[in-house]
Amino acid sequence: MNIQTPTSINTELKTEAEQAARELGELLLHTPEYEAFLKALNTVNNDPEVQKISAEIRSHQNAMRWSPGDTGEHDAALTRLEIELEAIQAVQEYRLAEEAACRLFAEVDSIISQAAGVPFATNAKRSGCGCGG
Amino acid sequence: MITEELQNCARDLGEALRSSASVQTYLKAQADCIADPEASDLEKRLQALYQELVGRQQRGEALQRSEIDAYNILKSQVHHNPLIMERDAALSLVKQTFTDVADDLSFPLGIEFTTLALANST
C-alpha cells in the first residue's frame, strides 16, 4: 500500500508547480513578444554606436564615483550621452520590444496570481541585498 | 496578445501554487487576521497613521517626537499580535516557495521573470 504522508504530498505539489513553471517558461520563450525582445536586446548589445556611448557613460560614472566633488561637468555629459543613446534607432526598437514583453509578462503574472490567491511576482522577487533576508 | 495555451498554462501554475501547503497556510492565517477585530483594527490604525504622517511630512511639516513614538508603539503592537505574527511567518514561507518556482520559470528564459513582470509596477 502506498500511503502519502504530508511531506510527500507537499513535495508532489511543489514538483507539480515546478513542472508547470518550466512549461510556462518554455511557452513564454517562444512568444513573438519575447523573441522580439531578445532579438532587439542582441542588436543593441552589438551596436558599435551603443557600445561607444555606453563606454563613455561608464567612464563618467566611474569618474564621479572615484573623484566626488563638483560633478556638474559629468552630469551634463551624462545627460547629453543618454539623449544620444535614446536617439539611436536600435535603442528605440529595443525600448518598444521591452515594453511589449513587460506587458505580456505582467499579464501572465496577473493570471498566475489570480489563480494562486496571492500575488506571484511581488512575492517571488528576491530582495536586493544578497544577504538572503 | 496572450494565447489561450499561455493563459491555461499560467492558470495551471497558479492553481498548483494555491494547492501548496505554504499558500494554504497563508490564506488561512490571512483570513484569521481579517476575521479577528483586534488584529484587523490594529492594522487599519497603523496604515491610517502611517499615511497621515507621511502625507504631513511630504507637505513639509515637521513631526513631533511624541507622534513618531506613538507610531512606533502601534507598529510594535501590530508586529507582536499573535495572529499577525502567524500570518507574516506564513507569508515568508510563501515567498520562499514562490522564489523557488520563479527560478524554474526563469530558467528557460535566461532572464528573471519577475524583473520583466514587475518592470512597470509602481
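Residues numbered from 1 in each chain as written. Chains lettered and ligands numbered in written order. Predicted model: local features only at pLDDT ≥ 70, side-chain atom pairs only at ≥ 80, totals over all residues.

(A) Here's a closer look at the overall build of chain A. When its secondary structure is counted, chain A shows six helices and zero strands. Element order for chain A, N to C, with α for helix and β for strand: α-α-α-α-α-α. For chain A, the proportion of its 133 residues judged to be buried stands at 23%. In chain A, the share of contacts with a sequence separation of at least 24, taken over all contacts with a separation of at least 6, comes to 66%. (Helix = DSSP H or I, 4+ residues; strand = E, 2+ residues; numbered from the N terminus. Buried ≥ 20, exposed ≤ 12 C-beta atoms within 10 Å, placed from the backbone. Contact = placed C-beta atoms within 7 Å.)

(B) Structural detail: the overall build of chain B. Along its length, chain B carries six helices and zero strands. Listing the helices and strands of chain B from first to last along the sequence gives α-α-α-α-α-α. For 122 residues, the compact-globule estimate of 2.2 N^0.38 gives 14 Å, and chain B exceeds it by more than 25% at 19 Å. Seen along its three principal axes, the alpha-carbon backbone of chain B occupies a region of about 55 × 35 × 20 Å. (Rg over C-alpha atoms; globule rule 2.2 N^0.38 Å.)

(C) Helix α5 (residues 89–116) of chain A, seen in detail. Residues and elements named next belong to chain A. Here α5 is 28 residues long and its end C-alpha atoms lie 40 Å apart, about the 40 Å a rise of 1.5 Å per residue gives. Buried within α5 are the following residues: Tyr94, Ala97, Ala101, Leu104, Phe105, Val108, Asp109, Ile111, Ile112, Ser113 and Ala116. Trailing α5 by a residue or two, Gly117 shows a phi angle of about 85°, which is positive. (Expected span 1.5 Å × (residues − 1).)

(D) Seen up close, the interface of chain B and chain A. Taken together, the contacts link 39 residues of chain B with 39 residues of chain A. A per-element tally of the side of chain B that touches chain A places helix α1 (residues 4–19) of chain B first, with 14 residues. Looking at the side of chain B that touches chain A residue by residue, the class counts come to 24 nonpolar, eight polar and seven charged. (Nonpolar A, V, L, I, M, F, W, Y, C, P; charged D, E, K, R; others polar.)

(E) Highlighting the packing of helix α2 (residues 21–35) of chain B against helix α5 (residues 82–106) of chain B. Residues and elements named next belong to chain B. At a minimum axis separation of 8 Å, α2 and α5 run at an interaxial angle of 155°. As summarised for this structure, α2 and α5 are arranged roughly antiparallel, according to the angle between their axes. The element α2 and its partner α5 pack so that their crossing is left-handed. Residues Ser22, Val23, Thr25, Tyr26, Ala29, Gln30, Asp32 and Cys33 of α2 lie in contact with α5, whose contacting residues are Leu83, Ile84, Glu86, Arg87, Ala90, Leu91, Leu93, Val94 and Thr97. The residue inventory of the contact of α2 with α5, partitioned by class, reads 10 nonpolar, four polar and three charged. (Axes fitted to C-alpha atoms, helices over the stretch in contact; angles between N-to-C directions. Parallel < 35°, antiparallel > 145°, perpendicular 65-115°, else oblique. Left-handed = near helix turned anticlockwise from the far one by under 90°.)

(F) Inspection of the nonpolar core at higher detail. Counting 43 residues, the largest nonpolar core has Leu24 of chain A together with Leu13 and Val101 of chain B as its most contacted members. Ranked by residues supplied to this core, first place goes to α5 of chain A with nine residues. With residues near it in sequence (within four places) discarded, Leu24 of chain A still touches Cys9, Ala10, Leu13 and Leu105 of chain B. (Core = buried A, V, L, I, M, F, W, Y, C linked by C-beta atoms within 7 Å.)

(G) How the structure looks around the environment of Ala17 of chain A. Within the secondary structure layout, Ala17 of chain A lies in helix α1 (residues 6–29). With 27 C-beta atoms packed within 10 Å, Ala17 of chain A lands in the buried category. Once residues lying within four places of it in the same chain are set aside, the contact partners of Ala17 of chain A are Leu13, Ala16, Leu17, Ser20 and Val101 of chain B.

(H) Region of the structure containing the packing of α5 of chain A against α1 of chain B. In the contact formed by α5 of chain A and α1 of chain B, the axes pass within 7 Å of each other and the chain directions differ by 35°. Crossing of α5 of chain A over α1 of chain B shows right-handed handedness. Across the interface between the two elements, Val108, Ile111, Ile112, Ser113, Gln114, Ala115 and Ala116 of chain A from α5 of chain A touch Leu6, Gln7, Ala10, Arg11, Leu13, Gly14, Glu15, Leu17 and Arg18 of chain B from α1 of chain B. The residue makeup of the contact of α5 of chain A with α1 of chain B, split by class, is nine nonpolar, four polar and three charged.

(I) How the structure looks around the environment of Ile68 of chain B. Residue and element names in this part refer to chain B. Looking at where Ile68 falls in the secondary structure, it is placed in helix α4 (residues 65–80). You can call Ile68 exposed: it has 11 C-beta atoms within 10 Å. Considering only alpha carbons, one finds Ile68 and Leu27, 41 residues apart in sequence, at a separation of 32 Å.

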